[in-house]
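# Coordinate inspection notes
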Amino acid sequence: NITVKLSSNSKSYFNGGNLLIGTTTDNGSKLQVNGAATFTSSVTSKGGDAKFIANNISGASINQDFVFQRNDNTKFSLGLDGNDSFNVYDSNTNPKLTIASSGASTFASSVTATVLKSTLGVQVNANGSGNDPYGTVSVTQPGNTSNYSYYGLTRAGSIGAGIGITNANQMWFGTASSGGATSTL
């Protein structure tokens with residue numbers, strides 16, 4: 001019954017107790033590492049419900065729990081922010097997708113999807129405008145913009161027409177550009 005065996009050319013064993021690296025405080029885990037660990041291959045976890053637990057310290061503004069790199073350069077990361085919202089960050093830790101604990105999602109850029117579904121409605125708040133409390137599907141622009149609060153109708157990637165609101169609060173139909181309304185109501 002071998003308790004500890006270290007070998008340079010065969011299997012090594014640590015049986016009977018927990019292995020602590022970088023600490024003397026035992027948290028009850030079979031392996032506890034206090035500090036960074038690097039793996040040059042994959043890590044496999046089998047059994048149990050939670051395969052990975054990221055236990056973040058409260059108050060941290062950005063926690064990058066998973067970092068995705070190519071050639072040692074960070075491309076994206078996943079983690080929690082200071083409000084406990086889940087985020088997908090770019091390489092500069094700017095949030096590109098935020099999901100609040102309520103389920104509300106915010107995209108930092110345009111969204112390209114075959115199907116975008118929401119049971120709560122869809123809002124687009126452009127150029128720093130606030131929320132629109134009136135529509136379940138809405139596009140909101142600040143009041144200082146002219147005819148850009150619109151739904152653009154495209155064909156082959158080019159905007160051919162649009163529906164919007166002029167700066168005089170009139171509905172317009174026509175080309176989707178400032179002053180390009182062919183008809184207003």
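## Some details on the overall build of the protein
Of the regular secondary structure elements, the protein holds zero helices and 15 strands. Within the protein, contacts between residues at least 6 apart in sequence are counted, and of these 7% link residues at least 24 apart. By element, 50% of the accessible surface of the protein is carried by carbon and sulfur atoms, the whole surface being about 14200 Å².

## Quick look at the sheet that holds strand β9 (residues 105-107)
Taken in spatial order, the five strands of this open sheet run β5-β6-β7-β8-β9, and their pairing is antiparallel. In the strand order of this sheet, the two ends are held by β5 (66-70) and β9, each with one partner. Strand-to-strand twist in this sheet, taken as the mean axis angle between neighbours without regard to direction, amounts to 10°. In terms of strand pairing, strand β8 (residues 95-99) meets β9 through three bridges, oriented antiparallel. When the bridges of β9 are listed, Ile99 appears paired with Ser105.

## Re a nonpolar patch on the surface
On the surface, Val4, Leu6, Phe14, Leu19, Ile21, Leu31 and Val33 cluster together into a nonpolar patch covering about 640 Å² of accessible area. Mapped onto the fold, Val4 is located in strand β1 (residues 4-5). Of the residues examined, Val4 reaches a relative accessible area of 52% and is grouped as exposed.

## Let's talk about the environment of Ile62
Inspection of the secondary structure assignment puts Ile62 in the loop between β4 (31-33) and β5. Beyond its immediate stretch of four places on either side in the chain, Ile62 contacts Leu80, Tyr89 and Thr93.

## Some details on unusual backbone geometry
A positive phi is found at Asn71, a non-glycine position, where the angle reads about 55°. Turning to its location among the elements, Asn71 is positioned in the loop between β5 and β6 (73-80).

## Here's the deal with the pattern of salt bridges
One pass over the structure, following the stated rule, counts one salt bridge. Lys96 is the salt-bridge partner of Asp90, the closest N and O atoms lying 3.8 Å from each other. By relative accessible area, which is 13% here, Asp90 ends up buried. Classification of Lys96 by relative accessible area gives partly exposed; the value is 36%.

## Comments concerning the pairing of β8
Moving residue by residue along a regular strand, the side chains alternate between the two faces of the sheet. Taken together, the four bridges between strand β7 (residues 86-89) and β8 define a ladder with antiparallel strand orientation. What sits directly across from Asn87, in β8, is Thr98. Between the antiparallel neighbours β7 and β8 lie five residues, among them Thr93 with a positive phi of about 55°. Between β8 and β9, which pair antiparallel one after the other, the connecting turn spans five residues, and Gly103 there sits at a positive phi close to 100°.

## Observations concerning the side chain of Thr98
Along the chain, Thr98 falls in strand β8. Within the structure, Thr98 has its side chain in polar contact with the side chain of Asn87 (distance 2.5 Å). Among all residues touching Thr98, those that are not within four sequence positions of it are Ser85, Phe86, Asn87, Ala104, Ser105 and Thr106.

## Remarks on the environment of Gly174
Looking at where Gly174 falls in the secondary structure, it is placed in strand β14 (residues 171-174). Taking the C-alpha atoms as reference points, Gly174 and Ala161, 13 residues apart in sequence, are found 5.0 Å from one another.

## Here's the deal with the side chain of Ser77
Mapping Ser77 onto the fold places it in strand β6. Only 3.0 Å separates the side chain of Ser77 from the side chain of Gln64, close enough to count as a polar contact. When sequence neighbours within four positions are dropped, the list of residues in contact with Ser77 reads Gln64, Phe66, Val67, Phe68, Asn87, Val88 and Tyr89.

Thresholds, definitions, all that
Residues numbered from 1 in each chain as written. Predicted model: local features only at pLDDT ≥ 70, side-chain atom pairs only at ≥ 80, totals over all residues. Heavy atoms only, no water. Helix = DSSP H or I, 4+ residues; strand = E, 2+ residues; numbered from the N terminus. Contact = heavy atoms within 4.5 Å. Areas by Shrake-Rupley, 256 points an atom, 1.4 Å probe, with all protein chains shown as cover. Pairing = 2+ DSSP bridges. Axes fitted to C-alpha atoms, helices over the stretch in contact; angles between N-to-C directions. Patch = residues over 30% accessible without salt bridge, like charges linked within 9 Å, V, L, I, M, F, W, Y side chains within 5 Å. Salt bridge = Lys/Arg side-chain N within 4 Å of Asp/Glu carboxyl O. Buried < 20%, exposed > 50% of the residue type's maximum accessible area, 1.4 Å probe, protein only. Polar contact = N/O pair within 3.5 Å; in protein donor to acceptor, adjacent residues only side chain to side chain.

These values are about where atoms sit, not about what they do.
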